[in-house]
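# Structure at a glance
What follows is the residue order along each chain.
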Amino acid sequence: MMIPYGRQNISEADIQAVVDVLRSDYLTQGPAVPDFEKAVAEYCGASHAVAVNSATSALHIACLALGVGKGDVVWTSPVTFVASANCALYCGAEVDFVDIDPRTCNLSVDRLQEKLAQAEVSGHLPKAVIPVHLCGQPCDMAAIHALSLRYGFKIIEDASHAIGGKYRNEPIGNCRYSNITVFSFHPVKIITTGEGGMALTNDAALARKMQLLRSHGITREEGEMTHAPDGPWYYQQVALGFNCRMTDLQAALGLSQLSRLDEFVARRHVLAGRYDKLLSGLAVVIPWQIPDSYSGMHLYVLRLRLKEMSKTHREVFEALRAAAIGVNLHYIPVYQQPYYAQMGFKAGLCPEAEQYYAEAISLPMYSSLTEAQQDRVVTTLEQVIRK
Ligand SMILES: *Cc1c(COP(=O)(O)O)cnc(C)c1O
């Protein structure tokens, strides 16, 4: 049986929570969505949370709420899922990439600072920067926030990997150093709603904009209308929104999952610690954790020291897959995707990201991974590298 790189952890209580909604009056737009939003906001210490049908939608409406549009440019890391960059294109803006720090594999603050200084001279400062907490490890948010004050850009944290993690002893998602933080609840992520995402913020006006955008731009609040309601049926569309609502079925699952979030992340840390130890004699670089943070530990990515082995990156990868170890690669640098290449992005733009892509392998990492399975992963990797 293939050991996947990630998978959901579903309990009987999770199943019961969904069944309860199925037997209730509302499958969508009922009480479960606001309950889930309130619980995540409280968990993270943010004032507002807006649940949606994916992190991709959350990134999209976050950009729109911050006013990202035509003529703007948004910067993100090249080592991320394509959605972190696509959200800016949806808004008619341009995208550019800031190379990674080779130790954390997150967007490099030094490269960001250099690029900002150049952009200030050429008059192309970004409207927003989207730092991605790769693998669940937070970016250096205090430093990025300080730069945002100097250069006047907005910050959306793509924390799709990072719910349950901490930065400087505070929960990721509290938006202390950002305008908006986004989570994903896809089944491979730390907690799941099937598909789903959420945008958190401490800014009531931004939260309200995102609420409108997730549901057609329609309001039933008289204070937001251009004139008094025609009658009790009345609503107004005041913006061009979408339907990216989360259902109550999903929210009930999410709320039930949230009660085990700390347990899930703690278990991931136990597994990561075991990997660190078991891999110590191999020609690999194990993940480096910045001090002052607690990773959500969505992924365990190691880098092969290829000069010290006869196998290529691809050969190691293929041998592991052939042995039913579902390794993966997070991620192909976004600008090397054909869609981005045809926009003019060239190889060599972010050398550290390209080097990372040539060496990285994500090992299986999920809360229900057993130690026996983990031992099989390590033993197989050892055999593959040594052979
Ligand atoms: C998974 C992921 C997304 C997209 O999440 P969806 O909920 O699947 O839309 C965005 N950014 C990152 C970094 C991700 O890992």
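### Some thoughts on the domain arrangement of the protein
Its domain assignment divides the protein into domain 1 (12-258) and domain 2 (261-386). Of note, the centres of domain 1 and domain 2, computed from C-alpha atoms alone, are 26 Å apart. Listed as interface residues are 40 residues of domain 1 and, on the opposing side, 35 residues of domain 2. Summing both sides of the interface, domain 1 and domain 2 together bury roughly 3200 Å²; the carbon and sulfur share of this comes to 65%. In terms of surface lost to domain 2, no three residues of domain 1 exceed Phe97, Cys135 and Ile190, which account for 18% of the buried area on that side. Where domain 1 meets domain 2, there are zero salt bridges.

### What to know about the packing of helix H3 (residues 55-65) against helix H4 (residues 83-90)
Across the interface, H3 lies against H4 with an axial gap of 8 Å and an inter-helix angle of 40 degrees. On the basis of the axis angle, H3 is oblique to H4. At the point where H3 passes H4, the crossing takes the right-handed sense. Mapping the contact onto sequence places Thr56, Leu59, His60 and Cys63 in H3 and Ala83, Ser84, Cys87, Ala88 and Tyr90 in H4.

### A few points about the side chain of lysine 189
Its location among the elements puts lysine 189 in the loop between strand E8 (180-184) and strand E9 (197-201). For the buried lysine 189, no salt bridge exists, and the shortest N-O distance to an oppositely charged side chain is 6.9 Å, to aspartate 158. With sequence-adjacent residues up to four places away left out, lysine 189 is seen in contact with Ser160, His161, Ser184, Arg268 and His298.

### Some remarks on the packing of aromatic side chains
As enumerated under the stated definition, the model contains ten aromatic pairs in all. Following the ring pairs from residue to residue traces out a cluster consisting of Phe97, Tyr335, Tyr339, Tyr340 and Phe345. Positioned above the aromatic ring of tyrosine 151 is the side chain of arginine 150, whose terminal nitrogen or guanidinium carbon lies 4.3 Å from the ring centre.

### Some words on the site of the ligand
Near the ligand lie 15 residues; those nearest to it are Thr56, Asp158, His161, Ser184 and Lys189. Taking alanine 55, its main chain carries an N or O atom lying 2.9 Å from an oxygen atom of the ligand. One of the side-chain nitrogen or oxygen atoms of threonine 56 is found 2.5 Å away from an oxygen atom of the ligand. When the ligand sits alone it has 380 Å² of accessible area, and the protein chains cover 93% of it. Mapped onto the shell around the ligand, the elements with two or more residues apiece are H3 and H4.

### Quick word on the pattern of salt bridges
As enumerated under the stated definition, the model contains 15 salt bridges in all. Glutamate 224 is paired through a salt bridge with arginine 208; the nearest N and O atoms lie 2.6 Å apart. Of this pair, glutamate 224 sits in the loop between strand E10 (218-219) and strand E11 (236-237) while arginine 208 sits in helix H7 (residues 204-214), and the two are 16 residues apart along the sequence. Its relative accessible area of 28% is what places glutamate 224 among the partly exposed residues. Between arginine 267 and glutamate 371 there is a salt bridge whose closest N-O contact spans 3.8 Å. Pair noted here: arginine 267 is in helix H9 (residues 261-278) and glutamate 371 is in helix H13 (residues 371-386), with a separation of 104 residues, a long-range link. In this structure arginine 267 comes out as partly exposed when scored by relative accessible area, which is 24%. Bridged by salt links that share partners, the residues Arg267, Arg274, Glu371 and Asp375 form one connected network.

### Some thoughts on unusual backbone geometry
Tyrosine 331 follows histidine 330 through a cis peptide bond whose omega is 10 degrees. Along the chain, tyrosine 331 falls in the loop between helix H10 (313-322) and helix H11 (338-341).

### Brief notes about the nonpolar core
Ranked by size, the top nonpolar core spans 77 residues in total, and within it Phe97, Ile156, Ile180, Tyr275, Leu279, Ile361 and Leu363 carry the most contacts. Sorting elements by how many residues they give to this core places H3 first, with seven residues. Excluding anything up to four places from it in sequence, leucine 279 contacts Val284, Ile286, Tyr300, Leu302, Leu363, Val378 and Leu381. One finds Val109, Val129, Ile144 and Cys175 within the second-largest nonpolar core, a separate group that totals 47 residues.

### Looking at H10
All of the buried residues in H10 are His313, Val316, Phe317 and Leu320. Buried residues in H10, looked at end-on, bunch into an arc of 100 degrees, giving them a common side. Exposed side of H10, more than 90 degrees from the buried face: Arg314 and Ala322 are the residues found there. Looking at the packing, one finds that the buried side of H10 touches strand E14 (300-304), helix H12 (351-357), strand E15 (360-363) and H13.

### Points about the sheet that holds strand E13 (residues 293-294)
The three strands are arranged E7-E6-E13 in an open sheet whose pairing can be described as antiparallel. The open sheet has two free edges, formed respectively by strand E7 (170-171) and E13, since each of these has just one partner strand. Sheet topology places strand E6 (residues 166-167) next to E13; two bridges connect them, and they run antiparallel. Opposite tyrosine 167, over in E13, you have serine 293 as the bridge partner.

### Side note on the environment of alanine 41
Positionally, alanine 41 belongs in helix H2 (residues 32-44). The class of alanine 41 is buried, set by a relative accessible area of 8%. Distance in space between the C-alpha atoms of alanine 41 and asparagine 202 is 9.6 Å, their sequence separation being 161 residues. Setting aside anything within four residues of it in sequence, one finds alanine 41 in contact with Ala46, His48, Ala49 and Leu200.

The rules behind these values
Residues numbered from 1 in each chain as written. Predicted model: local features only at pLDDT ≥ 70, side-chain atom pairs only at ≥ 80, totals over all residues. Heavy atoms only, no water. Domains from an automatic or database assignment. Contact = heavy atoms within 4.5 Å. Buried area = accessible area lost by both parts, 1.4 Å probe. Salt bridge = Lys/Arg side-chain N within 4 Å of Asp/Glu carboxyl O. Axes fitted to C-alpha atoms, helices over the stretch in contact; angles between N-to-C directions. Helix = DSSP H or I, 4+ residues; strand = E, 2+ residues; numbered from the N terminus. Parallel < 35°, antiparallel > 145°, perpendicular 65-115°, else oblique. Left-handed = near helix turned anticlockwise from the far one by under 90°. Buried < 20%, exposed > 50% of the residue type's maximum accessible area, 1.4 Å probe, protein only. Lys, Arg positive; Asp, Glu negative; His and termini not counted. Phe/Tyr/Trp six-rings, centres within 6.5 Å; stacked < 30°, edge-to-face > 60°. Lys NZ or Arg CZ within 6 Å of the ring centre and 35° of its normal. Near = heavy atom within 4 Å. Polar contact = N/O pair within 3.5 Å; in protein donor to acceptor, adjacent residues only side chain to side chain. Areas by Shrake-Rupley, 256 points an atom, 1.4 Å probe, with all protein chains shown as cover. Core = buried A, V, L, I, M, F, W, Y, C linked by side-chain atoms within 4.5 Å. Arc of directions from axis to C-beta. Pairing = 2+ DSSP bridges.

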